[in-house]
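Here is how the chains run, residue by residue.
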Amino acid sequence: MLNCKSDKSFDISKLQNLYQPNNERIELAKRRQKAVWEGNKPDAWPIIINGTLTRDQQEIPAANYKEAFYSDEMMLCAQMRSACASGNSNSDSIPSIRSNLGTGICLSLLGLSQDVFSDKMPWLREHLTLEQVAKVTPEDIVIQGDFERGLRQMNFFMEVMGDSIPVYCMDTQGPFDIAHLMMGDNIFYLMHDDPSLVHHIMNIALEIGIKAHRWMKEQSGEPMGENYHDNSLYAENMGIRICEDTSAIIGADDQAEFALPYTKKLASYFGGAWVHYCGRNDSLTKSILEIEEVRGINFGHIPGHEHDHPFEEDMENILQHGKVYYGRWPYRPGEDSKKYLKRIHRWASQGALIPCVNMKLDGSLKEIGDVLDFWYSL
C-alpha cells in the first residue's frame with residue numbers, strides 16, 4: 001500500500017474514489033472552451049469558478065512546497081486537492097494536475113539546480129558563466145535533475161489516477177525567460193554588449209523550450225497541438241503556454257529583436273500558444289497580440305496594482321485582434337457580484353474572454369450554483 005504522510009497517514013489509493021467529478025459536465029465545458037479558443041460561438045459562454053472540497057476530500061493531505069517537491073505522493077495529494085475543488089464547481093473548469101516543481105526545471109536540462117523552500121516555490125539561483133554558455137550546444141540539453149524528477153512524478157500520477165484526470169506540462173516559461181534563468185541579470189547587459197552571444201543563448205533557450213515540452217507531452221500522452229493547463233483550461237488549437245515575465249521589463253526594441261521572434265517559433269512548433277506575463281507593458285501586449293500563432297493572453301495582476309490594466313481598453317484590443325483573454329480580472333472597488341458579472345459578460349459574450357473568477361458571494365448570489373445560473377441567464 002502506498003502512503004503519503006503529513007500529519008497523518010493517508011492511503012493514496014483512495015484518491016481515485018475521492019475524485020468524483022461530473023464527466024458529462026467536463027465534456028460540455030471542454031466543448032465550450034474549445035469553441036471560444038477557435039473563434040466559434042458555444043451553446044453558452046464559459047465561466048471558470050473554483051469549488052470547495054467535500055468533507056471526505058478534506059482528508060487529502062495538504063503538502064507544503066518542500067514536502068511536495070521531494071515526494072511523488074505528496075505532490076499528487078497537493079495537486080488532487082486542487083483538482084477536486086475544480087471538479088466540484090460544476091462550472092466550465094477542466095480539472096488537471098501537474099508536477100509543480102518551479103520555474104527552474106528547464107534549466108536542470110543543462111545541469112543547474114534550484115533552491116527548495118517550505119513556504120514558497122523553488123527558485124533558481126545558479127546560472128551559467130559567459131564561458132560556459134558560449135560552448136553550449138543543443139546536444140547538451142539532456143533529461144536530468146529536477147526535470148527528470150518531474151517526469152517521474154508525472155508517470156506516478158498516471159499510475160495512481162489512470163486516465164481519470166489529464167496531466168499537464170510543468171512550469172516551462174518562454175524563451176527569453178529561460179535565457180534570463182540561464183544567465184541571470186547578465187542577459188540585460190549582453191543584449192547591448194554582445195548581441196550575437198544573446199542570439200546564441202536564445203537559440204539554446206528555444207531548443208530547451210521545444211525539447212522540454214515535447215518530452216513532457218510524450219510522457220503524459222497530451223497531443224502536441226492540444227493544451228490542458230492551470231487545473232481549468234482546455235484547447236485544441238494550441239499546444240503550450242508561454243511566459244514573458246522577463247520580456248515585460250525590457251524595451252520594445254529589445255523585445256522585437258531578442259524575445260518575440262523566438263516566442264513565435266516556439267508557439268509555431270506546437271501549433272499555437274497562449275501567453276502570460278505579470279504587470280503591464282503595452283508594447284509587449286501589442287506585439288503579442290500581433291503574433292499569428294498566439295491564441296490568447298493572460299496578465300498577472302500585481303497586488304496593489306490590480307487596476308493598472310484598463311479593462312475595457314484591453315478587452316477591445318483583444319477582440320479586435322481576434323484573440324482570447326483567459327484568466328482572472330479584479331472586482332472594482334465597491335462593485336457587487338452581479339455588476340461584476342455583467343461587466344465581464346459583455347466581453348465574454350463576444351468571444352474575447354474566458355473568465356476565471358474568485359467570487360464574492362453576496363446579495364442573491366450566495367452559492368456557486370446561484371452564480372452559474374445568473375451568468376448563463378445573461
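Above this text sits the structure in question.
Note that the structure is a prediction, hence the values are computed from the model and not measured.

Undergrad: Please clarify how helix α2 (residues 23–37) should be interpreted in this entry.
TA: Think of an α-helix as 3.6 residues a turn; residues three or four steps apart then line up on the same face. When the terminal C-alpha atoms of α2 are compared, their 21 Å separation across 15 residues agrees well with the 21 Å that a helix rising 1.5 Å per residue should span. Three or more residues of α2 are buried, namely Arg25, Ile26, Ala29, Lys30, Arg32, Gln33, Ala35, Val36 and Trp37. N-cap assignment for α2: the residue whose side-chain oxygen lies 3.1 Å from the backbone N of glutamate 24 is asparagine 22. One or two residues past the end of α2 sits glycine 39, with phi positive at roughly 80 degrees.

Undergrad: Looking at this model, I keep getting lost on the state of the cysteines. Mind explaining?
TA: One way to say it: the disulfide is the covalent bond shared by the sulfur atoms of two cysteines. If you walk through the whole model with that rule in mind, you get 0 disulfides. Free cysteine cysteine 169: the closest other cysteine sulfur is in cysteine 106, separated by 9.6 Å. Free cysteine: cysteine 243, not disulfide-bonded; nearest cysteine sulfur from cysteine 278 at 7.8 Å. Classification of cysteine 243 as buried rests on a relative accessible area of 2%.

Undergrad: Before we go on, may I ask you to explain the sheet that holds strand β8 (residues 240–243) in this structure?
TA: Sheets are built from strands that pair by backbone hydrogen bonding, the pairs being arranged parallel or antiparallel. Strand order in the open sheet formed by 6 strands is β3-β12-β11-β10-β9-β8, and the pairing between neighbours is parallel. Two strands in the sheet have a free side with no partner beyond their single neighbour: β3 (48–49) and β8.

Undergrad: Please explain the nonpolar core as it appears in this structure.
TA: Side chains that are nonpolar tend, in soluble globular proteins, to be buried together. Judged by nonpolar contacts, the single largest core of 123 residues is most densely connected at Leu76, Met182 and Leu341. If you tally residues by element for this core, the top one is helix α9 (residues 195–220), at 12 residues. Residues in contact with leucine 76, not counting those within four places in the same chain, are Ile12, Leu15, Ile97, Phe156, Phe157, Val160 and Met161.

Undergrad: Can you walk me through helix α8 (residues 186–193) in this structure?
TA: If you check which residues of α8 are buried, you get Ile187, Leu190 and Met191. All buried residues of α8 fall inside an arc of 110 degrees around its axis, so they share one side. Exposed and facing more than 90 degrees away from the buried side of α8 are Tyr189, His192 and Asp193.

Undergrad: Before we go on, may I ask you to explain the pairing of strand β9 (residues 273–278) in this structure?
TA: For a regular strand, the rule is simple: side chains alternate between the two faces of the sheet. Among the 6 residues of β9, 5 are classified as buried, and the element is accordingly described as predominantly covered. Across 4 bridges, the pairing between β8 and β9 is parallel. Among the inter-strand pairings, isoleucine 240 is bridged to a residue of β9, identified as alanine 273. At this point the chain moves from β8, through helix α10 (residues 252–269), to the parallel β9, and the crossover so formed is right-handed.

Cut-off values and rules
Residue numbers run consecutively from 1 along every chain, following the written order of its sequence. Two thresholds apply to this predicted model, a pLDDT of at least 70 for residue-level local features and 80 or more for giving and counting side-chain atom pairs, whereas whole-chain, interface and lining totals are computed over all residues. Side-chain metrics in this entry use all non-hydrogen atoms of the structure; hydrogen atoms and water are not considered. Helix and strand assignments come from DSSP, with helices taken as H or I runs of at least 4 residues and strands as E runs of at least 2, each series counted from the N terminus. Helices are assigned an expected span. That span is 1.5 Å times one less than the residue count. Using a 1.4 Å probe on the protein chains alone, a residue whose accessible area is under 20% of its type maximum counts as buried, one over 50% counts as exposed, and one in between counts as partly exposed. N or O atoms within 3.5 Å of each other form a polar contact, as long as, within protein, one can give a hydrogen and the other can take it, and as long as residues adjacent in sequence are counted only when both atoms are side-chain atoms. The disulfide criterion used throughout: a pair of cysteine sulfur atoms within 2.5 Å. A pair of strands is labelled paired if DSSP reports no fewer than 2 bridges between them. The nonpolar core is taken to be a set of buried Ala, Val, Leu, Ile, Met, Phe, Trp, Tyr and Cys residues, with the residues joined through side-chain atoms within 4.5 Å. By the convention used here, residues are in contact when the closest approach between their heavy atoms is within 4.5 Å. The directions from the helix axis to the C-beta atoms form the arc being described. For the handedness criterion, the strands are oriented away from the viewer, and a crossover whose path from the first strand over the helix to the second runs clockwise is classed as right-handed.

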